[in-house]
Amino acid sequence: MKKAIGLLVAALLVLTGQSALAQTFPKLSGRVVDEANLLDPAQEAALTAKLEGLETRTNRQLVVATLNSLEGYEISDYGYRLGRHWAIGQDGKGESEKDNGAILIVAPNERKMRIEVGYGLEPILTDGLSSSIIRNDITPPFQGWRFPRRHQCRCRPHCHPIGTACGRSRESGSRSAEKPEG
């Protein structure tokens, strides 16, 4: 009986073309995981410093991940699984402070971007706001998707809109009074 169930499961995995066990993720090595090698070391250090500052001010985590491949998965599925694997967001005291992180995912080979938001941050960084940030602030520097070996990523446009959203007051949902850098 166990052998028959095992064969059925194996057949289903072959038929679906994807194995849940085969999905791999890059190691969470810091606030910036540049697997696609889009940032030079100075850019990565500057972006890391901005993300550290954001976390210090807001107690919310944001990780930027550039990926070589989504391994055949939809970016939404890959992002959800990556967020669960990395456990982005902090375990705060209240329910609203748990899973309070986000991942900005850039997959240049598939020409996809997504902001994957933890449950605790969804009331602030909504799907609509995330879409607007990608469309208006992040996508323009990537127009044409022609990347040199080290793309000249603009850290401020990437970090500011998300940081502003993450810097909203937990109680009121209003934006913080901080002025954008630049």
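Per chain, residues are indexed from 1 in the order of the written sequence. The predicted origin of the model limits local features to residues at a pLDDT of at least 70 and limits the giving and counting of side-chain atom pairs to 80 or more, whereas totals for whole chains, interfaces and linings rest on all residues. Heavy atoms throughout the structure, all of them, feed into the side-chain values; hydrogens and water do not.

K.L.:
What is the right way to look at the sheet that holds strand β4 (residues 112–117) in this model?
P.N.:
In sheet architecture, strand pairing relies on hydrogen bonds along the backbone and comes in two forms, parallel and antiparallel. Here a strand pair is declared whenever DSSP counts at least two bridges between the two strands. Helix and strand definitions follow DSSP, with helices as H or I runs of at least four residues and strands as E runs of at least two, each counted in order from the N terminus. Pairing within the open sheet is mixed, and its four strands lie in the order β1-β2-β3-β4. Looking at strand neighbours, the two that pair on one side only are β1 (32–34) and β4, the edges of this open sheet. Strand-to-strand twist across the sheet, computed as the mean angle between neighbouring axes with direction ignored, equals 10°. In the sheet, β1 pairs with strand β2 (residues 61–66) via three bridges, with the strands oriented parallel. Looking at β2, one finds that Val32 is bridged to Val64. Two residues qualify as a contact provided that any one of their heavy atoms is within 4.5 Å of a heavy atom in the partner residue. In this description, a line fitted to the C-alpha atoms serves as the axis of each element, helices being fitted only across the stretch in contact, and the angle between N-to-C directions of two axes falls anywhere from 0 to 180 degrees. Running over the sheet, helix α4 (residues 127–138) touches β3 (101–107) and β4 and is turned about 140° from β4.

K.L.:
Looking at this structure, I do not really get the nonpolar core. What am I missing?
P.N.:
Considering soluble globular proteins, one finds that nonpolar side chains tend to be buried as a cluster. Only buried residues count toward a nonpolar core. Its members are Ala, Val, Leu, Ile, Met, Phe, Trp, Tyr and Cys residues joined through side-chain atoms within 4.5 Å. Per-residue accessibility, obtained with a 1.4 Å probe over protein chains only, is compared with the maximum for each type, and a residue is labelled buried under 20%, exposed over 50%, and partly exposed between these values. By size, the foremost hydrophobic cluster in this structure holds 23 residues, and its most contacted members are Ile115, Leu125 and Ile138. Elements with a minimum of two residues in this core: α2 (41–58), β2, β3, β4 and α4. Ranked by residue count, the leading element in this core is α4, at four residues. Core analysis: the next-biggest nonpolar cluster, separate from the first, contains 14 residues, Val63, Leu67, Ile75 and Ile103 among them.

K.L.:
Quick question: what am I supposed to make of the pairing of β2 here?
P.N.:
Looking along a regular strand, one sees the side chains alternate between the two faces of the sheet. Counting buried positions along β2 yields six of six residues, so the element is predominantly enclosed. Every second residue of β2 is oriented toward a common face, with Gln61, Val63 and Ala65 on one face and Leu62, Val64 and Thr66 on the other, all of them buried. Handedness of a crossover: with both strands directed away from the viewer, a clockwise path from the first strand across the helix to the second marks it as right-handed. Note that the unit made of β1, α2 and β2 has a crossover that is left-handed. Summarising the sheet, β2 and β3 pair through six bridges and their orientation is parallel. Looking at β3, one finds that Val64 is bridged to Leu104.

K.L.:
So what exactly am I meant to see when it comes to the environment of Glu52 here?
P.N.:
Looking at the element boundaries, Glu52 is found in helix α2. Residue classification places Glu52 among the partly exposed residues on the basis of a relative accessible area of 36%. Sequence separation between Glu52 and Leu62 is 10 residues, and the spatial gap between their C-alpha atoms is 8.7 Å. Polar contacts, as used here, are pairs of N or O atoms within 3.5 Å; protein pairs need one atom able to donate a hydrogen and one able to accept it. Residues neighboring in sequence count only if both atoms are side-chain atoms. Within the structure, Glu52 has its side chain in polar contact with the side chain of Arg31 (distance 3.5 Å).

K.L.:
Can you help me understand the confidence of the model for the chain in this one?
P.N.:
Segments scoring low in pLDDT should not have their predicted coordinates read at a detailed level. When the pLDDT values of the chain are averaged, the result is 75; 62% of them are 70 or greater. Values of pLDDT, which run from 0 to 100, indicate the predictor's confidence residue by residue. Mean pLDDT across the elements of the chain bottoms out in helix α5 (residues 155–166) (50) and peaks in β1 (97). Considering only residues more than four positions removed or in separate chains, one finds that residues 148–160, a stretch of pLDDT under 50, has 32 contacts.

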